[in-house]
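So the chains spell out like this:
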Amino acid sequence: MAVIRKLVLDVLKPHQPNAIDFSVALADLGADYRVNLMVAEMDEKTETTVITIEGNNISYDQVVAIIEKMGASIHSIDEVEIHSSEAL
Amino acid sequence: MLPEKPIHLMLHVFRARGIMRRYAITNGFDGVLTILGMLTGFYFSDFHDLPVALSACMGAAIALFISGLSSAYLSEKAERTLELKHLEQALARNLDSSDYGQASRFLPLLVAFSNGFSPLILSLFILLPLFFADNLMALGLSPLLSAIGLAFVCIFLLGVLLGKISQTFWLWAGIRALLLALVTVAIISFFEI
């Protein structure tokens, strides 16, 4: 079974939770998750961010659920790195 | 390592604690001054029917509780709903199931409780001497004067709390609040005489 090793997401989020709390919530989803959040654009109520998540087996469903729970929405999947089970 | 932080809904609650504090202190002042005004009125008019005085004060305390509860809930709910709608427009999505949606339903209740219970608890505390009037009179103390004294203590403590919040000299903040109570008593006594 193929696993997701890297995800780059274009996410529109409210100002709160801030970038640190938002990234911590994502990083807490997996024991080996590495999260990078870059604010690309700032608006009055929202900010457009580019979020990079790296890990050995990223659960996309969990990532989407936590992002939506924090009031943000995923605009697009900009980059993805998938490894097949043979490559593990 | 980043410290463990309560995320999601609790973050919204933490951000709302300033609003809850403000509501609690504002309505707490209302409660204390209302009961102080009634007690002062009873005292200066030589009204000695303590059960009637207690009933009147309890009526006012309950009315302040219900008024605080409902007014804060309705106004806070309206503000939160508007805020949520604006955010939903900006994000182009429904936020009902998100932390923002939960917060907009949960926080008005929390704010309403702090606004309603603060005058009720303070009023009940001030009225304690009237509840134990027989015991106090056996000790030679006036229940009305004791209750007025407790009201001054409450006002002073609310002032001290405000001083602590604004990080100014607590004693001066307490005395300033106490002066407000004294002015209230002076005005009431002027009308009673």
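Topic: the interface of chain A and chain B
1) Next: Listed per partner, the contact involves 15 residues of chain A and 14 residues of chain B.
2) Next: For the side of chain A that touches chain B, the secondary-structure elements that each account for two or more residues are β1 (3–14), α1 (19–27) and α2 (60–69) of chain A.
3) Next: Of the residues forming the side of chain A that touches chain B, the biggest block, 3 residues, is contributed by α1(A).
4) Next: Taken together, the residues that form the side of chain A that touches chain B break down as 6 nonpolar, 4 polar and 5 charged.

Observations concerning the packing of helix α3 (residues 50–91) of chain B against helix α4 (residues 99–126) of chain B
All names here are of chain B.
1) Next: Taken N-terminus to C-terminus, the directions of α3 and α4 make an angle of 160°; their axes are 8 Å apart at the nearest point. Put simply, α3 runs roughly antiparallel to α4. Crossing geometry of α3 relative to α4 is assigned as right-handed.
2) Next: Along the lines of polarity and charge, the residues of the contact of α3 with α4 split into 18 nonpolar, 7 polar and 3 charged.

Side note on the pairing of strand β3 (residues 46–54) of chain A
All names here are of chain A.
1) Next: Across 9 bridges, the pairing between β1 and β3 is antiparallel. Pairing of D10 across the sheet is with V50, part of β3.
2) Next: Bridging between strand β2 (residues 34–42) and β3 involves 8 bridges; their strand directions are antiparallel. Its bridge partner lying in β3, E41 is registered against T48.

Some words on the nonpolar core
1) Next: In this structure, B:V32, B:I35, B:L39, B:I126, B:A147 and B:A151 are the most contacted members of the largest nonpolar core, which totals 44 residues.
2) Next: Among the secondary structure elements, those contributing two or more residues to this core are α2 (17–44), α3, α4, α7 (143–165) and α8 (170–192) of chain B.
3) Next: With 11 residues, α2(B) is the single largest residue contributor to this core.
4) Next: Apart from the residues within four sequence positions on either side, B:L39 is in contact with B:C57, B:L144, B:A147, B:I148 and B:A151.
5) Next: Formed by 15 residues, the second largest nonpolar core is a distinct cluster that contains A:L12, A:F22, A:L37 and A:V63.

Quick word on the environment of A:E81
1) Next: With respect to the element layout, A:E81 can be found in strand β4 (residues 73–83).
2) Next: Residues A:E81 and A:V64 lie 17 residues apart in sequence; the distance between their C-alpha atoms is 17 Å.

What to know about the confidence of the model for chain B
1) Next: Chain-level pLDDT for chain B is 89 on average; 92% of the residues reach the 70-or-more range.
2) Next: In the predicted assembly, ipTM is 0.79 and pTM is 0.80.

Remarks on the pairing of β4(A)
Residues and elements named next belong to chain A.
1) Next: β4 sits mainly on the outside: 0 of its 11 residues count as buried.
2) Next: In this sheet, β4 lies alongside β1 in antiparallel orientation, the contact comprising 9 bridges. Residue pairing for β4: I4 is matched across the bridge by I82.

A short note on α1(A)
Residues and elements named next belong to chain A.
1) Next: Considered for burial, the residues of α1 that qualify are F22, S23 and L26. Considered in projection along α1, the buried side chains sweep an arc of 95° and stay on one side of the axis.
2) Next: Packing partners of the buried residues in α1 comprise β1, β2, β3 and α2.

Observations concerning the sheet that holds β1(A)
All names here are of chain A.
1) Next: Read from one edge to the other, the open sheet built from 4 strands follows the order β2-β3-β1-β4, with strand pairing classed as antiparallel. Both edges of this open sheet fall to β2 and β4, since each of them pairs with a single strand only. Taken pair by pair, the neighbouring strands of this sheet meet at an average axis angle of 15°, ignoring direction.
2) Next: Packing of α1 onto the sheet brings it into contact with β1, β2 and β3, and relative to β2 it is tilted by some 145°.
3) Next: Against the sheet, α2 contacts β1, β3 and β4, and its axis sits at roughly 15° relative to β1.

Quick notes on the rules
Residues numbered from 1 in each chain as written. Chains lettered and ligands numbered in written order. Predicted model: local features only at pLDDT ≥ 70, side-chain atom pairs only at ≥ 80, totals over all residues. Contact = placed C-beta atoms within 7 Å. Helix = DSSP H or I, 4+ residues; strand = E, 2+ residues; numbered from the N terminus. Nonpolar A, V, L, I, M, F, W, Y, C, P; charged D, E, K, R; others polar. Axes fitted to C-alpha atoms, helices over the stretch in contact; angles between N-to-C directions. Parallel < 35°, antiparallel > 145°, perpendicular 65-115°, else oblique. Left-handed = near helix turned anticlockwise from the far one by under 90°. Pairing = 2+ DSSP bridges. Core = buried A, V, L, I, M, F, W, Y, C linked by C-beta atoms within 7 Å. Buried ≥ 20, exposed ≤ 12 C-beta atoms within 10 Å, placed from the backbone. pLDDT = per-residue confidence, 0-100. Arc of directions from axis to C-beta.

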